[in-house]
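Letter by letter, the chains look like this.
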Amino acid sequence: MSKERIGVYVCHCGTNIAGVVDVEEVAQWAAGRLKDRGVVIARDYKFMCSSLGQEMIAKDIHELGLTRVVVAACSPHLHEQTFRTACKRGGLNPYLCELVSIREQVSWVHTNKIAATYKAEAVVSGGVERVLQQVPLEPLHVPIHPATLVVGGGIAGIQAALEIADAGYHVYLVEREPSIGGHMAQFDKTFPTLDCAACILTPKMVSIGTHPNVTMLTWSEVERVDGYVGNFTVTVRKKARYVNTELCTGCGICQEKCPKKVVDDIFEAGLGYRKAVYTPFPQAVPKFPVIDRDNCIYYEKGTCRACEKLCPTGAIEFNQKDEILTLQVGNIVLATGYDLFDPRRNPHYGYGRLANVFTSLEFERLSNAAGPTDGKLVLRDGITEPRTVGIIHCVGSRDRYFNNYCSAICCMQSLKFAHLLKEHTGATVYNFYIDMRTPAKAYDEFYQRVLSEGVLFVRGRVAEVTDAARLRGEEGKLIIQVEDTLAGKQRRIPVDMVVLAAGLQPRHDAKDVAKLFGISCSSDGWLTERHPKLDPVATMTEGIFIAGCVQGPKDIPASVAQGAAASARILGRIHQGEIALEPIRASVDADKCSGCRICNDLCPFNAITFHADRMVTEINPALCQGCGTCVAACPAAAISGTMFSNEQILAQIEGLLLLNLNPERAVTYASEAVAA
């Protein structure tokens, strides 16, 4: 007979559990069959997570003297903290509460009510045996450094940095390009309001550049991250601009006089040129140029130096070196954005082979008044206006050969392009779409507006774009071959220009970034949030937050909202001054450790340190996330995991197998379960 007094609480979860599991039977079974194991009360309730359900637990702890609690409900991922808090209010250490899942692991995966009920009883039995082995724990309290690092200077990173800086705390904003602004700086108009992108972005960029609480590190990259939540040490490489920013006034003479022109493959998407010394665009923040060492004549041949000779302030410094900076911060926001799908990967659409097939980013630069054509929508010859244009949606998205997911912005972006084409050229415009997705505020109204402007819509996935004429009127045109699913026939539509709405995909270095910051990526390559619905800005590594398209495809308003949300989470921690961390951590028994170092390279959170002088491994509890990788790998069994000890796991297995019942009862129960 156990000396502990255990309360078992079984949740109906409406019909989520009770529709398949006989919860009253489970509670009665626990009260009778597990009485010898310490169960003194077993109840069922419609919603255990409700205030009344939590009060029931707290009341029973007080009145019945419960020393352990088992809750059979949904996944611990959702409500473990809820029931731990209820136990704490009742005066019981929250880590003496065990939550077992009879929703995800029982009711949601079974249709046979009898079998599901037997399984739920076994799961409860396992929880009872496990909770008997648990010990009281106390959370770890870690102080929070008030400074924050934001990585990525797009709109999401800018918003996060401004929110924190405006609250009075210091922010380091690191951006790998010469200027902040990200992809939004390349756009002309933003849907659905058709605001000028630069008009709404530039004020925020200027605020960042002049804010007393922001240290802006452009042309810089994070190289190393050490430490843990509240106390990160970040190493940043500030690349040489070869321009002394203390002396430079941003007058632009160096760019004007530089004789070397190169194709701008980044900001102008390959449609325009820039000099070897350049700022990416006129509104760039900071205003200081950077010298492209790979294309500068001086670094190629040792001659020229025109920029140095003509600079009125002597700001050019060809011997400038990279700087290594060390930053101390308490929290980190990753807002490194996305890459555009390369349409060359889908040769059927002819991009890179057929001259007048453009990507969506190229069209953005064509339509921009500050772009290479001064906003004139023309073909590759730079002169001819298109009279017919085809816009193809979902290029690289919703495609099992490339990316299965929807890129979220392509439909609205394509509608915007159609409107701009109508407005500037009066061309006949076809939109080729799979499904029209306009779910946000004023989006469908914009779709209706474009419809009323006479844009033609063809529902169906485009099979091919070709210049091989077969019919009269196709000579000199691009022909779009498509199945019109609404008309139920194949169509060949000749056009002058094709615009490919290329999808969004994770940055090419997303996995490297994830590894650097000790977080993970989804199967698609986007950085993984702690919970897709309830915690979309935090990650599984405490102190690391994500915002914007680094988490998945989203439009500008959603990116701004997520940047603000990440900053709100961080400000809450800064105001508290410290954070309480889960005490579920791994620890090393130094007497058993052989110094084999097998565990050192396996830790995904870089929490393990090897002391060569003592030949012993040590785990930093503030960095450890209790994943158990090292526990499983240690050949000497020198590492144990709090809340996941061998005793706890083996006890739970015994309970699941009903070995905790007396032999006669166990055999009878097992035969009944098999018969069901």
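Residue numbers restart at each chain and count upward from 1, following the sequence in its written direction. Since the coordinates come from a predicted model, pLDDT governs what is reported: local features require at least 70, and pairs of side-chain atoms require 80 or more to be given and counted, while whole-chain, interface and lining totals use all residues. Calculation of side-chain values draws on the structure's entire complement of heavy atoms; hydrogens and water are dropped beforehand.

Let us now look at the nonpolar core. Within soluble globular proteins, side chains that are nonpolar tend to cluster in buried spots. If you look at the biggest cluster of nonpolar residues, it comprises 77 residues, and the most contacted ones within it are Ile 208, Val 333, Ile 391, Leu 415, Phe 457 and Met 497. Here a strand is any run of E in DSSP of at least two residues, a helix any run of H or I of at least four, and the numbering for each starts at the N terminus. Element by element, the count of residues in this core is highest for helix H5 (residues 155–166), at eight residues. Two residues qualify as a contact provided that any one of their heavy atoms is within 4.5 Å of a heavy atom in the partner residue. Look past the residues within four positions of Ile 208 in its chain and what remains in contact with it is Ile 158, Ala 161, Leu 162, Leu 173, Ile 180, Val 214 and Met 216. Leu 34, Leu 92, Val 131 and Leu 661 belong to the second-largest nonpolar core, a separate cluster that totals 47 residues. Put simply, a nonpolar core is a bunch of buried Ala, Val, Leu, Ile, Met, Phe, Trp, Tyr and Cys residues held in one set by side-chain atoms that sit within 4.5 Å of each other. Each residue is placed in one exposure class: buried if its accessible area under a 1.4 Å probe, protein chains only, is under 20% of its type's maximum, exposed if it is over 50%, and partly exposed if it falls in between.

This next bit is on a nonpolar patch on the surface. On the surface, Phe 644, Ile 649, Leu 650, Ile 653, Leu 656, Leu 657 and Leu 659 cluster together to form a nonpolar patch covering roughly 650 Å² of accessible area. Considering the arrangement of structural elements, one finds Leu 659 in the loop between helix H16 (646–656) and helix H17 (663–675). Put simply, a patch holds well-exposed residues, over 30% relative accessible area, that have no salt bridge, with like charges counted together within 9 Å and Val, Leu, Ile, Met, Phe, Trp or Tyr side chains within 5 Å. Computed with a 1.4 Å probe, the accessible areas rest on the Shrake-Rupley method; for each residue, only the protein chains presented here act as cover. What makes a salt bridge here is a side-chain nitrogen of Lys or Arg within 4 Å of a carboxyl oxygen of Asp or Glu, nothing more.

Adjacent strands of a sheet pair through backbone hydrogen bonds, lying either parallel or antiparallel. When DSSP finds two or more bridges between two strands, those strands count as paired. With parallel pairing, the five strands of this open sheet are ordered in space as S20-S27-S21-S22-S23. The open sheet has two free edges, formed respectively by strand S20 (357–359) and strand S23 (456–459), since each of these has just one partner strand. Taken over all neighbouring pairs, the strand axes of this sheet differ in orientation by 20 degrees on average, direction set aside. Relative to strand S22 (residues 428–433), strand S21 (residues 388–395) is paired through five bridges, and the arrangement is parallel. Pairing of Ile 392 across the sheet is with Phe 432, part of S22. Convention adopted: a line fitted to C-alpha atoms gives each axis, helices being fitted over their contacting stretch, and angles between N-to-C directions are expressed from 0 to 180 degrees.

Split by domain assignment, the protein resolves into domain 1 (6–139 + 648–675), domain 2 (146–182 + 192–229 + 326–336 + 510–581), domain 3 (240–321), domain 4 (338–505) and domain 5 (586–641). Centre-to-centre separation of domain 3 and domain 4, based on C-alpha positions: 35 Å. If you look at the interface, domain 3 gives five residues, while domain 4 gives eight residues. A 1.4 Å probe defines the accessible area here, and the buried area is the portion of it lost by two parts on being joined, summed over both. Taking both partners together, domain 3 and domain 4 bury about 570 Å²; carbon and sulfur atoms supply 67% of that area. Considering only the side of domain 3, the residues that lose the most area to domain 4 are Glu 268, Ala 269 and Leu 271, jointly responsible for 75% of the buried surface there. For the interface between domain 3 and domain 4, the tally reads one salt bridge. The split into domains, and so the bounds of each, comes from an automatic or database assignment of domains.

Turning our eyes to something else, we now look at unusual backbone geometry. The step from Phe 191 to Pro 192 runs through a cis peptide bond, and the omega angle for that step is -5 degrees. As for its position among the elements, Pro 192 is in the loop between strand S8 (189–190) and strand S9 (195–196). Pro 286 follows Val 285 through a cis peptide bond whose omega is 5 degrees. In this structure, Pro 286 sits in the loop between strand S15 (277–278) and strand S16 (290–291). Of note, Ala 269 is a non-glycine position whose phi angle comes to about 55 degrees, a positive value.

Our next topic: the layout of surface pockets. Think of a 1 Å grid over the protein atoms and nothing else: a 1.4 Å probe that fits but is trapped marks a cavity, an open set flanked by protein within 12 Å on at least five of seven lines marks a pocket, and residues with an atom within 4 Å of a point count as lining. Grid points are joined across faces, edges and corners, and a volume is the space filled by probe spheres set on the points. Estimated volume of the second largest pocket: approximately 1600 Å³. Lining the second largest pocket we find 50 residues, and of these Glu 80, Gln 81, Arg 84, Glu 582 and Ile 584 sit closest to its centre. Broken down by secondary-structure element, the contributors of at least two residues to the lining of the second largest pocket are helix H3 (76–89), strand S4 (97–101), helix H4 (113–132), strand S29 (544–546), helix H14 (556–576), strand S30 (578–581) and H16. The class makeup of the residues in the lining of the second largest pocket is 23 nonpolar, 14 polar and 13 charged. Only Asp, Glu, Lys and Arg are considered charged, only Ala, Val, Leu, Ile, Met, Phe, Trp, Tyr, Cys and Pro nonpolar, and every remaining residue, Gly among them, polar.

This part is about the state of the cysteines. Defined by distance alone, a disulfide is two cysteine sulfur atoms within 2.5 Å. Within this structure, the stated rule accounts for zero disulfides. Cys 97 takes part in no disulfide bond, and the closest cysteine sulfur, belonging to Cys 87, lies 3.9 Å away. The structure places no disulfide on Cys 549, whose sulfur is separated from the nearest cysteine sulfur, that of Cys 410, by 11 Å.

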